[in-house]
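Below are the chains, spelled out letter by letter.
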Amino acid sequence: MRAVCRPGPWKRGRVLAASALLLGLLMLLHARITDRGGLGSLVETFLPWFGLFIPVLLAGALWRRAASAVVALLLPVVVWLNLFGGLLGDKSHPGGDLTVAEHNVGAGNPDPLGTARDLAGTGSDVLALVELTEQARGTYEKELAKAYPYHTVLGTVGLWSKLPLSDTRPVDIKQDVGPLGDTKPADVKLSYNRALRTTVATHQGPLAVYVAHLGSVRLMPRGGFWTDSRDRNAQALGAAVAAERNKRVVLLGDLNGTMDDHAFAGISSRMRSAQDEAGKGFGFTWPAKFPVARIDQILVRGVQPESSWVLPATGSDHLPVAARISW
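Since we're looking at a predicted model, the values are computed, not measured.

What counts, and at which threshold
- Residues numbered from 1 in each chain as written.
- Predicted model: local features only at pLDDT ≥ 70, side-chain atom pairs only at ≥ 80, totals over all residues.
- Heavy atoms only, no water.
- Buried < 20%, exposed > 50% of the residue type's maximum accessible area, 1.4 Å probe, protein only.
- Helix = DSSP H or I, 4+ residues; strand = E, 2+ residues; numbered from the N terminus.
- Pairing = 2+ DSSP bridges.
- Axes fitted to C-alpha atoms, helices over the stretch in contact; angles between N-to-C directions.
- Left-handed = near helix turned anticlockwise from the far one by under 90°.
- Contact = heavy atoms within 4.5 Å.
- Nonpolar A, V, L, I, M, F, W, Y, C, P; charged D, E, K, R; others polar.

1. Considering the pairing of strand E2 (residues 126-130)
No. 1: Taken across its five residues, E2 has five buried, putting it largely inside the fold.
No. 2: Alternating positions in E2 separate into two faces, Val-126, Ala-128 and Val-130 on one and Leu-127 and Leu-129 on the other, with burial throughout.
No. 3: One ladder, built from five bridges, connects strand E1 (residues 98-104) with E2; its direction is parallel. Each bridged residue has a counterpart across the sheet, and for His-103 the counterpart in E2 is Leu-129.
No. 4: Here E2 pairs with strand E4 (residues 157-161) via five bridges, running antiparallel. The residue of E4 that forms the bridge with Ala-128 is Leu-159.

2. Topic: the packing of helix H7 (residues 112-120) against helix H8 (residues 134-144)
No. 1: Taken N-terminus to C-terminus, the directions of H7 and H8 make an angle of 35°; their axes are 9 Å apart at the nearest point. The crossing of H7 and H8 is right-handed. The residues of H8 that touch H7, namely those facing Pro-112, Leu-113, Thr-115, Ala-116, Arg-117 and Ala-120, are Ala-136, Thr-139, Tyr-140, Glu-143 and Leu-144.
No. 2: In terms of residue class, the contact of H7 with H8 is made up of seven nonpolar, two polar and two charged.

3. Regarding the sheet that holds strand E6 (residues 195-202)
Backbone-to-backbone hydrogen bonds pair the strands of a sheet. The strands run either parallel or antiparallel.
No. 1: Judged by pairing direction, the sheet is mixed, and its six strands sit side by side in the order E5-E6-E7-E10-E12-E11 without closing on themselves. The outermost strands of the open sheet, each flanked by one partner alone, are strand E5 (165-170) and strand E11 (272-273).
No. 2: When strand E7 (residues 205-213) meets strand E10 (residues 249-254), the two strands line up parallel, connected through six bridges. Within E10, the residue paired with Val-211 across the bridge is Leu-252.

Distances and angles like these do not, on their own, reveal function.
Okay, here's the thing in structure tokens:
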């Protein structure tokens, strides 16, 4: 009697089938999720990890022998592969004209000396550092001087280079808003400046390099996923990149967000991710002990990324990233 009354394989597992369809639609329509409480940005920050629900639902469908759930799982599988399948292989190529690197060295880094020595040994031609503190700045300047004869620091961001630098200036990413911000003197704003633009004189011509550290995000019990300052910074940085006259541009920085986040549309629509085009895997960078998101970025325009990789951990809570580019 139980065998006769048991639902058929197409009628079993309706909850599993519905869950699979919802998962697929969530990933497919992630850019349309409301940003109220930062929900959209929170989902997009961890979007690749939603793929872990697929084998869980598949196991449930097989256990229940639910054919409808297995078929419904095709939607999230196809969507996930369309979004991230290209990151599973190695897209790097040999060669390249210039190696660039970026690292959030961490304001609370207990070993800036060791971090500076590790970075000096990477062999990068251009090295961007963010979250520099006044106390640690001298250490980095001293330890990197031999490998990098040219450098500039504006506030909490800096660039070290083996090639000459020129036309260096801070980039206004709208850190201060409202009447109070307008009253602050320029030298005060420069002390906590978080973005700069400079020109690197390469053998192939001038290269515009932007270094940026966008505002932090916070997960708050009442306010949700707070991204206001980050989003404001991203919009201003996108406008600065759009106005850049040099055809060859590289952006190095801790953007406190992934390129899947629609908050970076103004940047991602004009620049390409070196990791997406020439890397292997997702290239997660934060937190260093167990990386779950790539928030440290190398973005390019007018040059070709040949390879992209994540460097070994230092004393920071972020992992450094590097890329090889060509003309």
